[in-house]
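So you can see what is in the structure, the chains are spelled out below.
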Amino acid sequence: HSYGGWVTLHAAKVYGDELGGVVALDSAIFPPDYSSDFKPLSIRQRKAGAPSVEALLARFKLMPEQPVENRYLVDYIGPLSIRKEDGLYIWKDDPQRWMKTTQFVQYSTEQSKVLRHLKCRTSLMYGEKSKFFTDPRVLRHMQAECHAARPGGDQCTPIIGIPEAHHHLMFDQPLQ
């Protein structure tokens, strides 16, 4: 999902002949000349930790933000995303991950063409209300890249929109 989907697509490119197939969820692959107001999360600074789990959980939110009808899912995942360091509670994420793994950053030319070089079956799914797919150029680019890779394009590599779903697909319709 998301960044993990970019890692998955890279694995399908490099090690795909050893995989039965992969699925990437809401992992937008942008055209190489694409620009938007989106800024990778590497720009944000890690906020100071909190003295308690409860204080840190009060700041927990999905990124990008979206409506959450199934609050119990957020309540379950939040505590699993925390670790203690130097007497404070902090998030397990690494805000510098984008800088450390530039080969996966979606804005690079290499990443924009990753769909042409996959070596295994691939399915791409996205939330039709996802902030990463609001610009129709993104989906058109992904479809064109799939078509360039394989005759028949997305018939060979399904690109499936999930109605009423945002970026965090699993939160929107967990039972469907």
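Since this is a predicted model, take the numbers as computed values, not measurements.

A.B. asks: Quick question: what am I supposed to make of the environment of I82 here?
C.D. replies: Looking at the element boundaries, I82 is found in strand β2 (residues 82–85). The class of I82 is buried, set by a relative accessible area of 12%. When the C-alpha atoms of I82 and V53 are compared, they prove to be 7.7 Å apart, with 29 residues separating the residues in sequence. The residues contacting I82, other than those within four sequence positions of it, are V53, L56, L57, Y89, I90, W91 and K92.

A.B. asks: What should I look at first to understand the sheet that holds strand β1 (residues 21–25) in this one?
C.D. replies: Where strands meet in a sheet, backbone hydrogen bonds hold them as pairs that are either parallel or antiparallel. A sheet is described by the order of its strands in space; here three strands give the open sequence β1-β4-β5, paired in parallel fashion. Pairing within the sheet leaves two strands with one partner each, and these edge strands are β1 and β5 (159–162). Adjacent strand axes in the sheet meet at a mean angle of 20 degrees, parallel and antiparallel pairs treated alike. Here strand β4 (residues 121–127) runs beside β5; their pairing, made up of four bridges, is parallel.

A.B. asks: What's the story with a nonpolar patch on the surface in this structure? I'm lost.
C.D. replies: Side chains of V14, Y15 and L19 sit close together on the surface and give an oily, nonpolar patch of about 260 Å² of accessible area. By the element assignment, V14 lies in helix α1 (residues 3–15). Residue classification places V14 among the partly exposed residues on the basis of a relative accessible area of 35%.

A.B. asks: Before we go on, may I ask you to explain the nonpolar core in this structure?
C.D. replies: Soluble globular proteins tend to pack their nonpolar side chains together in the buried interior. One finds L9, L115, L124 and M142 to be the most contacted residues of the largest nonpolar core, which totals 23 residues. Those elements that place two or more of their residues in this core are α1, β1, β4 and α6 (136–149). Setting aside its immediate chain neighbours within four residues, L9 contacts A24, I29, V114, L115, L118, T122 and L124. In this structure, L73, I82, Y89 and W91 belong to the second largest nonpolar core, which totals 10 residues.

A.B. asks: I keep staring at the confidence of the model for the protein chain and nothing clicks. Help me out?
C.D. replies: Low pLDDT means the predicted atomic positions in that stretch should not be read closely. Scored by pLDDT, the protein chain comes out at a mean of 82, with 78% of its residues at no less than 70. The spread of mean pLDDT over the elements of the protein chain runs between helix α4 (residues 97–100), the lowest at 58, and helix α2 (residues 53–57), the highest at 95. A low-confidence stretch, residues 103–107 (pLDDT under 50), is modelled with 20 contacts involving residues beyond four sequence positions or located in other chains.

A.B. asks: Honestly, the packing of aromatic side chains in this entry has me stumped. Any pointers?
C.D. replies: Under the criterion given, the structure shown has three aromatic pairs. Where Y3 meets W6, the ring centres are 5.9 Å apart and the plane angle is 85 degrees; that geometry is what we call edge-to-face. Of the two residues, Y3 and W6 are both situated in helix α1; the distance of three residues between them amounts to about one turn of the helix. Summarising the aromatic geometry, the rings of F60 and W91 are spaced 5.3 Å apart at their centres and angled 40 degrees between planes, so their arrangement reads as tilted. With a gap of 31 residues between them, F60 in the loop between α2 and α3 (71–80) and W91 in strand β3 (residues 88–91) connect regions that are remote in the sequence. We classify W91 as buried; its relative accessible area is 17%.

The rules behind the values
- Numbers given for residues are sequential positions, taken from 1 along each chain in its written order.
- Given that the model is predicted, a residue must reach a pLDDT of at least 70 before its local features are reported, and side-chain atom pairs must reach 80 or more before they are shown or counted; all residues, however, enter totals for whole chains, interfaces and linings.
- Where side-chain values are given, they derive from all heavy atoms of the structure, hydrogens and water being excluded.
- A helix here means a DSSP run of H or I that spans at least four residues, while a strand means a run of E at least two residues long, and both kinds are numbered starting from the N terminus.
- For the exposure calls, accessible area comes from a 1.4 Å probe over protein chains only, and a residue counts as buried if that area is under 20% of its type's maximum, exposed if over 50%, partly exposed in between.
- It only takes one pair of heavy atoms within 4.5 Å for two residues to be counted as in contact.
- Strand pairing is assigned whenever DSSP identifies at least 2 bridges connecting the two strands.
- Comment: axis = line fitted to C-alpha atoms, over the contacting stretch for helices; angle = value between 0 and 180 degrees taken between N-to-C directions.
- Only residues whose relative accessible area exceeds 30% and that form no salt bridge are eligible for patches; like-charged ones are grouped when within 9 Å, while nonpolar side chains (Val, Leu, Ile, Met, Phe, Trp, Tyr) are grouped when within 5 Å.
- Here the open area of atoms and residues is found with the Shrake-Rupley method and a 1.4 Å probe, where only the protein chains shown may cover a residue.
- By definition here, a salt bridge exists when the distance from a side-chain nitrogen of Lys or Arg to a carboxyl oxygen of Asp or Glu is within 4 Å.
- Among the buried residues, those of types Ala, Val, Leu, Ile, Met, Phe, Trp, Tyr and Cys that are joined through side-chain atoms within 4.5 Å form a nonpolar core.
- You can read pLDDT as the predictor saying how much it trusts each residue, on a scale of 0 to 100.
- Centres within 6.5 Å make a pair out of two Phe, Tyr or Trp rings, where for Trp the six-membered ring is used; the pair is then stacked when the planes are under 30 degrees apart, edge-to-face when over 60, and tilted otherwise.

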